[in-house]
Structure formats: C-alpha cells, structure tokens
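Summary of the model geometry
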Amino acid sequence: MNTQKLKLVGAACLALCLLAACGEDVGTGEAKFTTWGEEYIEATIPADPTGEAGFVDGWTLHYDKFLVVFHAITVADSRGAVAATMPGSKFVDNTRPGRKDLVSFPELDAIHWDRVGYQIKPALPDSEVVAGDVTDRDMMAANGYSVYVAGSASKVGPDGKTVSKTFHWGFKTATQYQGCQQSAESGQPIEGIVVTNGGSDVSELTTHGDHLFYDRLMSSNDPAVKTSLRFDEKAAADKNDDGEITLEELSATRIDVRLYDPSGLDAPTYGAFVTSLARTIGHYRGEGECAVSVLR
Amino acid sequence: MSTKALWLWLSMGCALLACGGSDTTTGRQITLHTAAQSDPEIAATFATGTGWTVQLSKAVLSVGSLYYFDGEPAFVLRKQKPLWLRLADALGPSVAHAHPGHYLAGMALGQVTVPSSLDLLAGKVVLPDGIGITGLYRSARLQLAAPSTEPARTQLGGQVAVVEGVAHKDGQTVFFKLSASFSDVARSVSQGQVDGCPFDELEVEDDGTVTLTVKPHVWFNLVDFTGVAPGTAEAPTELAAGETPQIAFALGLVQLSAYHFAYQP
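Residues numbered from 1 in each chain as written. Chains lettered and ligands numbered in written order. Predicted model: local features only at pLDDT ≥ 70, side-chain atom pairs only at ≥ 80, totals over all residues. Heavy atoms only, no water.

**Focus on the overall build of chain A**
What counts, and what does not: Think of it this way: any DSSP run of H or I at least four residues long counts as a helix, any run of E at least two long counts as a strand, and we number them from the N terminus. The quantity called the radius of gyration is restricted to C-alpha atoms. Its globule counterpart is 2.2 Å times the number of residues to the power 0.38. Throughout this description, buried means an accessible area under 20% of the type-specific maximum (1.4 Å probe, protein chains only), exposed means over 50%, and partly exposed covers the range between. Throughout, a contact is declared for two residues whenever any of their heavy atoms are within 4.5 Å.
A tally of regular secondary structure across chain A gives six helices and 15 strands. A globule of 296 residues ought to have a C-alpha radius of gyration of about 19 Å, and chain A, at 21 Å, matches this closely. Based on the C-alpha atoms only, the size of chain A along its principal axes is roughly 75 × 45 × 30 Å. Here chain A holds 296 residues, and the buried ones make up 58% of them. Contacts spanning at least 24 positions in sequence make up 71% of the contacts within chain A whose residues lie at least 6 apart.

**As for the pairing of strand S3 (residues 82-85) of chain A**
All names here are of chain A. The cut-off we apply is this: One requirement defines pairing of two strands: DSSP has to find at least two bridges between them.
Where strand S2 (residues 60-76) and S3 come together, three bridges link them in antiparallel fashion. Directly across from threonine 74, in S3, lies its bridge partner threonine 85. Between S2 and S3, which pair antiparallel one after the other, the connecting turn spans five residues, and glycine 80 there sits at a positive phi close to 100°.

**Re the packing of aromatic side chains**
Condition: Within 6.5 Å between ring centres, the rings of Phe, Tyr and Trp (the latter by its six-membered ring) count as paired, and their orientation is classed by plane angle as stacked under 30 degrees, edge-to-face over 60, tilted in between. Consider the ring centre and the ring normal. A charge sits over the ring if Lys NZ or Arg CZ is within 6 Å of that centre and within 35 degrees of that normal.
Tallied over the entire structure, the rule returns 26 aromatic pairs over all chains. Here the aromatic rings of tryptophan 59 of chain A and phenylalanine 231 of chain A are separated by 4.9 Å at their centres, their planes lie at 50°, and the arrangement is tilted. With tryptophan 59 of chain A in the loop between helix H2 (38-42) and S2 and phenylalanine 231 of chain A in the loop between strand S13 (200-206) and helix H4 (232-236), this residue pair connects regions lying 172 residues apart in the sequence. You can call tryptophan 59 of chain A buried: its relative accessible area is 3%. Ring centres 5.6 Å apart and planes at 45° place the aromatic pair phenylalanine 213 of chain A and phenylalanine 231 of chain A in the tilted group. Residue phenylalanine 213 of chain A is located in the loop between S13 and H4, and its partner phenylalanine 231 of chain A is located in the loop between S13 and H4; the two are separated by 18 residues in the primary sequence. Accessibility expressed as a relative area gives 0% for phenylalanine 213 of chain A, which makes it buried. These aromatic residues form a ring-pair network of at least three members: Phe55, Trp59, Tyr63, Phe66, Phe167, Trp169, Phe213 and Phe231 of chain A. The ring of tryptophan 36 of chain A has arginine 99 of chain A lying over it, and the distance from NZ or CZ to the ring centre is 4.1 Å. Taking NZ or CZ as reference, arginine 141 of chain B lies 5.8 Å from the ring centre of tyrosine 67 of chain B, over its face.

**A closer look at the pattern of salt bridges**
Any two side chains of opposite charge can pair, so long as their charged atoms come close to each other. Put simply, the test is: In the sections that follow, a salt bridge refers to a side-chain nitrogen of Lys or Arg positioned within 4 Å of a carboxyl oxygen of Asp or Glu.
Scanning the model with the defined rule gives 16 salt bridges over all chains in all. The partner of arginine 137 of chain A in a salt bridge is aspartate 138 of chain A, and the shortest N-O contact between them spans 2.7 Å. A residue is classified by how much of its surface remains accessible, and aspartate 138 of chain A, at 35% relative accessible area, is partly exposed. As a salt-bridge pair, arginine 187 of chain B and aspartate 184 of chain B come within 2.8 Å of each other at their nearest N and O atoms. One end of the pair, arginine 187 of chain B, and the other, aspartate 184 of chain B, are both in helix H4 (residues 182-188), three residues apart, so they sit about a helical turn from each other. Linked by salt bridges that have partners in common, Lys165, Asp238 and Asp241 of chain A make up one network.

**Quick word on the environment of glutamate 205 of chain B**
Residue and element names in this part refer to chain B. Counting through the fold element by element, glutamate 205 comes out in the loop between strand S10 (193-204) and strand S11 (208-214). Separated by 70 residues in sequence, glutamate 205 and glycine 135 have C-alpha atoms that sit 6.7 Å apart. For glutamate 205, the contacting residues outside a window of four places in its chain are Arg28 and Thr134.

**Things to note about unusual backbone geometry**
All names here are of chain A. Notably, alanine 72 is not glycine yet its phi reads approximately 50°, a positive angle. Counting through the fold element by element, alanine 72 comes out in strand S2. Even without glycine at this site, serine 263 takes up a positive phi of about 60°. With respect to the secondary-structure elements, serine 263 resides in the loop between helix H5 (247-251) and helix H6 (270-278).

**Observations regarding the nonpolar core**
The line we're drawing: The nonpolar core is taken to be a set of buried Ala, Val, Leu, Ile, Met, Phe, Trp, Tyr and Cys residues, with the residues joined through side-chain atoms within 4.5 Å.
One finds Phe225 and Tyr259 of chain B to be the most contacted residues of the largest nonpolar core, which totals 124 residues. Residues in contact with tyrosine 259 of chain B, not counting those within four places in the same chain, are Leu61, Leu142, Leu144, Val194, Cys197, Pro198, Leu212, Thr213, Val214, Trp219 and Leu253 of chain B. Within the second largest apolar cluster, nine residues are counted, among which are Val69, Phe91, Ala123 and Ala150 of chain A.

**Let's talk about the confidence of the model for chain A**
The condition is simple: Confidence of the predictor at the level of single residues is captured by pLDDT, which takes values from 0 to 100.
Averaged over every residue, the pLDDT of chain A is 90; residues scoring 70 or more account for 91%. Across residues 1-23 of chain A, where pLDDT falls below 50, the model places 51 contacts with residues more than four positions away in sequence or in other chains.

**Brief notes about the side chain of aspartate 201 of chain A**
Residue and element names in this part refer to chain A. Definition in use: Whenever two N or O atoms come within 3.5 Å, that pair is a polar contact, provided that in protein one can donate a hydrogen and the other can accept it, and provided that, for residues adjacent in sequence, both atoms are side-chain atoms.
Mapped onto the secondary structure, aspartate 201 falls in strand S13. Owing to a relative accessible area of 17%, aspartate 201 belongs among the buried residues under this scheme. Within the structure, aspartate 201 has its side chain in polar contact with the side chain of arginine 285 (distance 2.6 Å). With residues up to four places along the chain from it excluded, the contact list for aspartate 201 reads Glu30, Ala31, Lys32, Ile193, Val194 and Arg285.

Below, the structure written as structure tokens:
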C-alpha cells in the first residue's frame with residue numbers, strides 16, 4: 001500500500017473513529033452526482049495516425065445517440081456503512097451537451113466516504129429521463145438495453161472517395177462500477193468522496209465514447225504496447241455492404257489477432273469484443289476509474 | 001516512527017475499534033500443497049472456435065509462479081463480500097486499476113513461487129508446496145515464464161509453451177507445432193501474468209491442496225489453420241513467431257479461462 005493510500009485510509013478511519021467511538025458531531029454536507037460524455041460523445045472522435053487522440057486508421061466518428069441508464073449510485077465506506085443510494089434509475093443521452101445532474105444526497109456526514117459506486121443496467125419503463133427523448137427511454141426499456149449507441153463514421157479512401165458507415169448498437173449488459181477513484185492526474189488519487197461540513201462535493205460519472213473502439217480489452221502495463229482506436233475492421237464486417245454495421249455482423253466476424261488482443265478475456269468476435277468494451281465506458285471524474293464487475 | 005508506520009498503526013487501531021475485534025480465523029498461516037492436471041479433453045479431440053478439430057500429441061507449459069487472491073475473478077458475476085473482507089480490502093495491498101479493462105486482485109492469500117513445467121499429457125502432477133493464509137479464496141494469478149532449469153528448458157526449447165498435434169477441418173489435415181515465447185505472452189499480459197483466473201470460491205481454513213486445471217482447448221479459441229502447410233506426423237508444420245496462427249495461440253495461452261483453480265482440504 002502506498003503512503004498516499006495509507007494516509008487516505010487512515011484519515012477516513014480516524015474520522016470514522018471520531019464519529020463512531022467518540023460520538024462527535026462532524027457536521028453534514030452534500031454529495032452531488034452528474035454525468036458527461038466529454039467531447040468524443042458530444043462532438044466527434046477524430047482521426048489521429050499517432051493513435052494518441054483518435055482513430056489510427058483514418059476514420060472520424062460522430063455519435064447521434066449515446067444512451068446510458070444509471071442505477072444505484074451509492075455512497076458508502078469501507079466498513080460497509082451505506083450513506084445513501086439513489087432510488088430508481090436515470091436515463092441520459094450523453095450526446096446532449098454539458099453535464100447533467102443525476103442525483104444529490106444532502107445531509108451526509110461530513111467525512112471521507114471511500115466507497116462510491118454505481119451501476120449501468122437495462123432501462124426500466126419508469127427510468128427517469130434526465131436528458132434525452134422519452135421514446136428512446138421506452139425503446140431501451142422494451143429491448144432491455146443498458147447502453148445504446150448510434151452514429152456514423154467516415155473515412156477518405158485511397159481513391160479519394162469518402163466511405164461512410166452507420167451503426168445502431170444496443171447492449172443488454174448489466175455492470176457494477178465500484179470503488180471509484182479519482183485519477184492521480186486530477187490532483188489526488190482519492191477513493192470515493194470527501195464530504196465537508198456545509199460543503200457540496202460534485203462527482204461526475206463520465207462516459208467514455210472511445211472505449212467501444214479499442215483494440216485491447218485491457219491495457220498493457222508495458223508502455224511500448226499501445227491501445228489504439230480502430231474502425232477498419234468494423235467497417236469490413238458490414239458483409240452486406242448496406243452501409244449499416246450491425247451487431248450481428250460484428251458477432252459473425254472473428255477478430256484479426258494481428259491487430260486485436262482480448263487480453264486474456266473471451267472475445268473471439270468483434271461483437272463480443274465491442275460488448276466487453278461496452279462494460280468499460282463508465283468512469284469517474286474524467287479519467288478516474290472504478291472496478292468493473294459483471295452483474296449480467 | 002515513520003509517517004507510513006504511524007498511519008498503518010492508526011489504521012489498524014481504528015479497524016479494531018470500529019469492528020470491535022478481528023475475525024480470528026482469518027490470516028493464519030497454512031501450507032498449500034499444489035497439483036496440476038489438464039482437462040480430460042486433452043486425451044481426446046476438441047473443437048476450436050474456428051471450426052477445426054484438434055488432437056494433441058504434446059502439450060508442455062512452463063509456469064513461473066502462482067498467486068491466490070480474495071478479489072473476484074475478472075469479469076464474472078459478483079457477490080457481496082463479507083464485512084471483514086471489505087475492511088481487509090481497505091487495509092490490504094494497493095492494486096492498480098487497469099484501463100480499459102479492470103481487475104482488482106485484492107489481498108494476496110497464497111503463493112507458489114517455485115517454477116514448474118507441466119507435461120499436460122502425463123496426467124496429474126505434483127507441484128512444489130505453497131504457503132498461504134486462511135481466508136476467502138476467489139481468484140488466482142498464473143505467471144507464465146520461460147523455463148529456467150533442465151529438463152524443462154530442453155523440453156520446451158526455451159519457450160513458455162509448446163504443443164504438437166493434428167487438426168482437421170473440411171477434409172483438410174494439418175500436423176502442427178505451435179509455441180510461444182515469454183515475449184509473445186508478455187505483449188498481451190504484463191510480465192506474463194494471467195490475472196483474474198477463476199478459483200472456486202471457498203473459505204480456506206486449514207492446510208490443503210490447490211489443484212490447477214489447464215484447459216488447452218481454450219488456447220486454440222482463436223487459432224485458424226487455414227492455409228497452413230499440411231505437414232506430417234513425423235514432420236509437423238512449425239508455425240513461426242509472428243505467423244497468424246502463432247499469434248492466435250499466444251493470445252489463447254493467456255486467456256484466463258484456460259486456468260482453473262480449486263482447493264480441497
């Protein structure tokens with residue numbers, strides 16, 4: 001355990017001790033949760049031959065819909081005490097610009113709540129529409145989708161002509177994101193949230209639109225092994241060449257092992273690959289991460 | 001007292017205060033005898049994900065170390081941890097968050113650090129004993145490693161794994177030899193560590209035996225022999241590093257579902 005984590009755990013524990021053992025009033029504060037799709041979902045994922053910030057194979061991609069259903073946003077601590085859990089579920093189209101309010105928990109004890117988690121699970125008929133169309137929420141609920149993306153990608157081919165493909169993919173995955181942690185790049189690798197007396201802490205449940213197009217399911221610790229965004233192979237999976245890439249077509253096409261690495265997981269087709277990646281769209285405060293578990 | 005020691009002391013003290021005492025059955029040192037075997041399929045034929053039927057005549061694997069954890073296997077249905085384990089998570093070793101995938105090993109509970117080579121056609125083999133502590137075992141790490149001692153080094157030619165056999169599909173027959181080096185597998189999984197392998201979830205309370213079952217058919221999930229020279233039984237076609245079936249074999253070798261762990265008292 002690193003010193004930073006020790007300090008955080010120690011600080012949380014001390015605070016809890018003060019609260020539980022000493023019965024001291026630490027005050028209360030508010031914890032708010034929002035969601036945002038970032039520029040990749042609101043605008044485009046560009047081409048980038050370097051692979052740093054876009055598709056390595058020349059495609060640009062635009063989302064028309066990026067529908068996500070959030071459940072069970074929970075604030076807790078590592079002893080198992082649950083401070084608050086969001087009732088019901090919230091439907092969001094993260095192509096809608098800006099950050100959207102999901103839930104606010106007022107009057108939480110002003111301590112370090114080090115276990116923050118949430119779920120992305122199928123929509124329900126009564127999922128609250130936070131941003132997006134009711135008809136899309138109903139479509140999600142009717143099909144049992146937790147994540148639904150629609151959009152188009154285009155690329156200028158070697159003959160100078162532009163090739164375009166569209167996609168409408170619904171995923172029925174149910175995924176738990178737990179132990180959410182702010183990334184070190186954001187300042188401090190804080191686990192969960194710190195509620196201050198009289199303060200308001202805001203956590204963004206960020207969705208990453210680029211993940212669906214990664215060529216690895218898990219990143220390598222070897223910096224020489226890059227994770228890149230690729231679309232050529234998905235475009236080639238459009239076997240009937242009608243311009244629409246279906247999940248069925250992706251599931252009927254085996255991955256090119258020279259380019260795609262399931263990283264120890266079972267994803268022999270592009271359909272399985274993209275579906276596994278759909279479980280990784282959920283993040284925390286930008287680049288922060290949560291541990292991912294499969295609920296279904 | 002250093003800052004780190006101070007914080008550790010405070011954390012542990014507060015944990016006791018908060019919980020009113022610790023679980024006395026957790027954390028006691030135990031001996032973990034170790035065995036390895038292959039799935040029974042290895043004696044017969046099995047189908048690959050690409051539609052080939054394969055029968056193996058040689059399958060040897062070099063294992064560097066084994067580690068057991070309380071964290072859930074990667075990408076499996078999750079169950080709620082007991083309270084003491086959630087606390088142990090907070091005090092246990094820090095683990096890295098991967099991106100874009102995620103596996104949290106949690107607390108290390110046992111290990112076998114003596115390298116071994118497994119002849120998977122030779123039946124069940126006994127591996128060196130490991131040590132561990134009592135607790136809830138749920139996942140494992142198998143580290144693939146180049147063999148460091150004889151006769152494994154000669155048997156494997158310095159590779160992490162070598163398989164030979166025959167594959168059939170639609171009237172085609174291919175006698176093949178496939179191998180993967182440490183660098184082949186390390187491209188896919190860091191340091192050759194196959195993380196998040198399933199371990200039959202069990203509260204381990206005493207000495208016992210951990211059995212590793214290897215499922216070679218998983219190694220072939222992505223292998224397609226289409227276009228490979230037929231070879232013969234005496235002179236199988238050896239697929240060189242970088243050829244597509246060899247890359248696919250190396251990816252299969254690190255697939256965590258190829259390795260399953262179970263404990264018996």
